[in-house]
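Descriptive structure summary
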Amino acid sequence: LRRARKILAPIFLLLLFFSPRTLAEEVETPRLFDFVANVPGNLLEWSRETFASDKIAAIGGMLGMTGILIASDFESWQAMRLPYMEYDDLQHFADWGVRLGDGSSQFALAGGFLLFGALTSDSRALRTASQIAEAILVTGVVVQTMKHTTGRESPFLSEERTGIWRFFPNQGEYMGDYQKFDAMPSGHLATAMTTFIVIQENYPDQKWIPYVGYPLVGWVAWGLVATSLHWWSDFPIALSLGYSFGKIVTAKNSKTPKPASKNQPRLAPGLTPDGHLVFQATWNW
Amino acid sequence: VKHSRSSESTKTIITGIPLAPTCTVMRVSCLISDGERRWRDPVKLSVKLSHIATWALLLLAPVEAFSQDRWYFYFSAGLSRPRYDESLQRLIDAEKQREAVSATAGHFDLPGIYYRAKPGLLIGAVLNATFEHFSRDWRYQESLAFQLYNGNFSFLVFPGEIPGQGFFLRIDGGYSHFLQIRETPQSPYRKLSTGLGAQIGLGYGFRSTEFSHLLLHINYFHNDFRDRFVEGIGFFLGFLL
């Protein structure tokens, strides 16, 4: 029963928040392997958009901020590590944050959208599932390339105050002890950010998403530093990658939602007259 | 639970399992009773309140900043070499004799929320933090750390009347928490001082993307805690969204 509850809980939440109560966008149902087939095109688009002359100030600012954060990484990490070591409740809170960003949560979310989309024939949910997988995949390609190139130590293994950088490390050594090389940039935060952006772009009518999304991304970031997995300076590039790929992957979405038609089945949670929280199936005619 | 309901144009069939509120309530009450002792400790209470304030700001700031034209969201990072009063300086000197590294202090605006009151005037609130840590290596568990948390009212003045572009002046003032932490292998010792803080900054901003401006500024900050003070000049880089 406990396992069933774990599986049903995310689906219940998706039904609660994403059921097409008022608006249903007419979207094309994605093909099965779109999320893989689109990766090369997304990478090309990203390089075209990123290395453009009008992005010099933004990239310069992001790199400048990374540099400042590197200079004070030891101090800012210690400021998070000490309370983490001392308070049990902060430890649990930080650990949850890390779990939220470890990829399995994002894929579970994508799985939830997939299941929800299949159950309710909701193309928008199916597209969201496909685009989450696509954004994580393409973000992962760039993040892993950068990790394998920069070779920066994670805080908890650091031999120097802000971690040793071993540029172009031996890939055999990398695979043998990857946490000595894979701090920069943060894959956790990049995937968390890109998932949030994809959901936000697919559900522009759901105004609550940024209220939840930004704090969750902040929670993941804080958890990663408190648990000594990442430095603060690993985050500006990760956030930028997550944001960019989230936007690129969803750029082709239609921005004009249309009202829902009648004769459309709907699954959603609701309340019974005596106050019980339940699933409900509705058919309008 | 099973119900059915019909109306003029809608028929609804409901089926489901109610949640188990008893377990949830019990868990929450355990957490509260466990935390009671901590709420009585002013140091721990302040740290907790700082965290709550930070998260509350993080929760509200970005959405407000993005959703309305008159609201702005600012975050920045900076570096400085602060100067301390004599008693704190003695502690630092003692650490230096044990080969502790004299660190550069890191500053963060976490974040700032501003409202455009006039074309060139942004008024808002900023929660900022400064961290300094004296130790050669984190593994020794022998260190001295200073943490400064400020809750400030803040003004950004852009004479060119375009927020985020051109030269600007920043004036902040508010209350300040200074936390002195001595880490030992047994347990950390903490001392909290509360006082007032102010900072004034000059900088230049320019457009970085469609929705953001990059601000570079130099701030002078002074924090007074009656028997001690922290002051310095810091270099900052931030984004105004």
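Residues numbered from 1 in each chain as written. Chains lettered and ligands numbered in written order. Predicted model: local features only at pLDDT ≥ 70, side-chain atom pairs only at ≥ 80, totals over all residues. Heavy atoms only, no water.

What follows covers the overall build of chain B. On a plain count of helices and strands, chain B comes out with three helices and eleven strands. The order of helices and strands in chain B, counted from the N terminus, is β-β-α-α-β-β-α-β-β-β-β-β-β-β. Every one of the 241 residues in chain B was classed for burial, and the buried ones make up 46%. Contacts in chain B between residues at least 24 apart in sequence constitute 60% of all its contacts with a sequence separation of at least 6. For chain B, the computed accessible surface area is about 12900 Å², with 62% contributed by carbon and sulfur atoms. (Helix = DSSP H or I, 4+ residues; strand = E, 2+ residues; numbered from the N terminus. Buried < 20%, exposed > 50% of the residue type's maximum accessible area, 1.4 Å probe, protein only. Contact = heavy atoms within 4.5 Å. Areas by Shrake-Rupley, 256 points an atom, 1.4 Å probe, with all protein chains shown as cover.)

So, about the overall build of chain A. If you tally the helices and strands in chain A, you get twelve helices and four strands. Of all 285 residues assigned to chain A, the portion counted as buried reaches 50%. Partitioning the contacts of chain A with sequence separation of at least 6, the portion at a separation of at least 24 is 74%. Carbon and sulfur atoms provide 65% of the accessible area of chain A, an area that totals close to 13300 Å².

Pairing is possible between side chains of opposite charge, provided their charged atoms come close. All names here are of chain B. For the structure on display, the rule yields 18 salt bridges over all chains. When the shortest N-O distance is used, the salt bridge between R90 and E86 registers 3.5 Å. Residue R90 and its partner E86 are located together in helix α3 (residues 86–97), separated by four residues, close to a single helical turn. When its relative accessible area of 62% is taken as the criterion, E86 is described as exposed. Measuring nitrogen to oxygen at the nearest pair gives 2.3 Å for the salt bridge that ties E95 to R182. (Salt bridge = Lys/Arg side-chain N within 4 Å of Asp/Glu carboxyl O.)

On average, chain B scores 79 in pLDDT, and the residues at 70 or more come to 73%. Overall, residues 1–35 of chain B carries pLDDT values under 50, and its contacts beyond four positions in sequence, including any with other chains, amount to 44 contacts. (pLDDT = per-residue confidence, 0-100.)

Right, let's talk about the nonpolar core for a bit. The biggest cluster of nonpolar side chains holds 64 residues, and the ones touching the most others in it are M80(A), F113(A), I132(A), L189(A), W222(A), L241(A) and F245(A). Those residues in contact with F245(A) that sit more than four places away from it in its chain are N42(A), L43(A), W46(A), V138(A), T139(A), V142(A) and T194(A). Of all hydrophobic cores here, the second largest spans twelve residues; its members include L144(B), F146(B), L148(B) and F221(B). (Core = buried A, V, L, I, M, F, W, Y, C linked by side-chain atoms within 4.5 Å.)

Turning to the pairing of strand β9 (residues 189–207) of chain B, a few remarks are in order. Residues and elements named next belong to chain B. Relative to β9, strand β8 (residues 166–183) runs antiparallel, the two being bridged by 17 bridges. Each residue of the ladder has a partner; that of S176, found in β9, is G195. In this antiparallel pair of consecutive strands, β8 and β9, the connection spans five residues. Bridge count for β9 against strand β10 (residues 213–224) is twelve bridges, and the pairing is antiparallel. By the bridge assignment for β10, L196 is matched with D224. Between β9 and β10, which pair antiparallel one after the other, the connecting turn spans five residues. (Pairing = 2+ DSSP bridges.)

With that settled, consider the packing of aromatic side chains. Within this structure, the stated rule accounts for 23 aromatic pairs over all chains. The interplanar angle of 40 degrees and the centroid separation of 5.6 Å between the aromatic rings of F178(B) and F225(B) together place this pair among those described as tilted. Residue F178(B) is found in strand β8, and its partner F225(B) is found in the loop between β10 and β11 (229–240); the two are separated by 47 residues along the sequence. Residue class for F225(B) comes out buried when judged on its relative accessible area of 3%. Clustering of aromatic rings is evident, with ring pairs tying together Y84(B), F134(B), F146(B), F178(B) and F225(B). Over the aromatic face of W77(A) sits the side chain of R81(A), whose NZ or CZ is 5.9 Å from the ring centroid. (Phe/Tyr/Trp six-rings, centres within 6.5 Å; stacked < 30°, edge-to-face > 60°. Lys NZ or Arg CZ within 6 Å of the ring centre and 35° of its normal.)

This brings us to a nonpolar patch on the surface. All names here are of chain B. A cluster of nonpolar side chains, namely I123, F153, F155, I171, I200, I218, Y220, I233 and F235, defines an oily patch on the protein surface of about 850 Å² accessible area. For the nonpolar patch, the secondary-structure elements that each account for two or more residues are β7 (143–157), β10 and β11. Mapped onto the elements of the fold, I123 is located in strand β6 (residues 121–134). (Patch = residues over 30% accessible without salt bridge, like charges linked within 9 Å, V, L, I, M, F, W, Y side chains within 5 Å.)

All right, on to the pairing of β8(B) then. As a general feature of sheets, a regular strand has side chains that alternate between the two faces. Pairing between β7(B) and β8(B): 15 bridges, direction antiparallel. In the strand pairing of β8(B), F146(B) is matched with Q180(B).

Before going further, it helps to examine unusual backbone geometry. Residue and element names in this part refer to chain A. The omega torsion of the bond from M184 to P185 falls at -10 degrees, within 30 degrees of zero and hence cis. Mapping P185 onto the fold places it in the loop between α9 (171–176) and α10 (187–202). For F168, which is not a glycine, the phi torsion comes out positive at approximately 50 degrees. Mapped onto the fold, F168 is located in the loop between α8 (123–150) and α9.

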